[in-house]
Amino acid sequence: MKIKVNDIKKGTTIKCNQLGVPVTGIMLDSLRGNTRLVDVKGSEVGMFDEIGSVYATDITHAENSEGIWEDVEYTDKQIQSIKMREQFGF
């Protein structure tokens, strides 16, 4: 099953990889677009927990109401954003 990143609601537990390794986090907004506000649990891998903007394309999974992890699906615009960042080495 897949969920669109723009459909992830505030309070949803997610997995993201913007720290270089997958960690969990809590979605802190219900907005749409290329960045989302997330409470990232970096302490899972020896880093600090932090709240900040995360590229939507760094969100890889979202936990649904039944406790099942769903893969995240990106919009065409978000996929273009991945390609642009890759050109610049991000």
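Right, let's walk through the structure included here. This is a predicted model, so every value here is computed, not measured.

The number of helices and strands found in the protein is 1 helix and 7 strands. Starting at the N terminus, the α and β elements of the protein follow one another as β-β-β-β-β-β-β-α. On C-alpha atoms alone, the protein measures out to a radius of gyration of 12 Å, which is about the 12 Å that the 2.2 N^0.38 rule sets for 90 residues. Each of the three principal axes of the protein carries a C-alpha extent, and together these read 35 × 30 × 20 Å. Among the 90 residues that make up the protein, the fraction classed as buried is 31%. Sequence-distant contacts in the protein: of pairs separated by 6 or more residues, those separated by 24 or more amount to 38%.

What follows is about the side chain of D39. One can find D39 in strand β4 (residues 35–40). Overall, the relative accessible area of 17% leaves D39 in the buried class. In terms of polar contacts, D39 uses its side chain to reach the side chain of K41, at 3.0 Å. The residues touching D39, leaving out its near neighbours within four places in the chain, are T24, G25, I26, L28, E50 and I51.

For strand β3 (residues 23–27), the buried fraction is high: 4 of the 5 residues fall into the buried class. The sheet contact formed by strand β2 (residues 13–16) and β3 spans 4 bridges and is antiparallel. Along β3, the bridge assignment pairs C16 with V23. Here β2 hands over to β3 after 6 residues, with G20 in that stretch at a positive phi of 100 degrees.

What follows concerns helix α1 (residues 76–87). Counted at 1.5 Å a residue, the expected span for α1 with its 12 residues is 16 Å, and the 17 Å between its end C-alpha atoms agrees. Restricting attention to buried positions, one finds in α1 the residues Q78, S81 and R85. Taken down its axis, α1 places every buried residue within 45 degrees of arc, on the same side. Exposed side of α1, more than 90 degrees from the buried face: D76, Q80, K83, E86 and Q87 are the residues found there. Here the buried face of α1 lies against β5 (50–55). Backbone geometry just downstream of α1 places G89 in the positive-phi region, at approximately 80 degrees.

The rules we used
Residues numbered from 1 in each chain as written. Predicted model: local features only at pLDDT ≥ 70, side-chain atom pairs only at ≥ 80, totals over all residues. Heavy atoms only, no water. Helix = DSSP H or I, 4+ residues; strand = E, 2+ residues; numbered from the N terminus. Rg over C-alpha atoms; globule rule 2.2 N^0.38 Å. Buried < 20%, exposed > 50% of the residue type's maximum accessible area, 1.4 Å probe, protein only. Contact = heavy atoms within 4.5 Å. Polar contact = N/O pair within 3.5 Å; in protein donor to acceptor, adjacent residues only side chain to side chain. Pairing = 2+ DSSP bridges. Expected span 1.5 Å × (residues − 1). Arc of directions from axis to C-beta.

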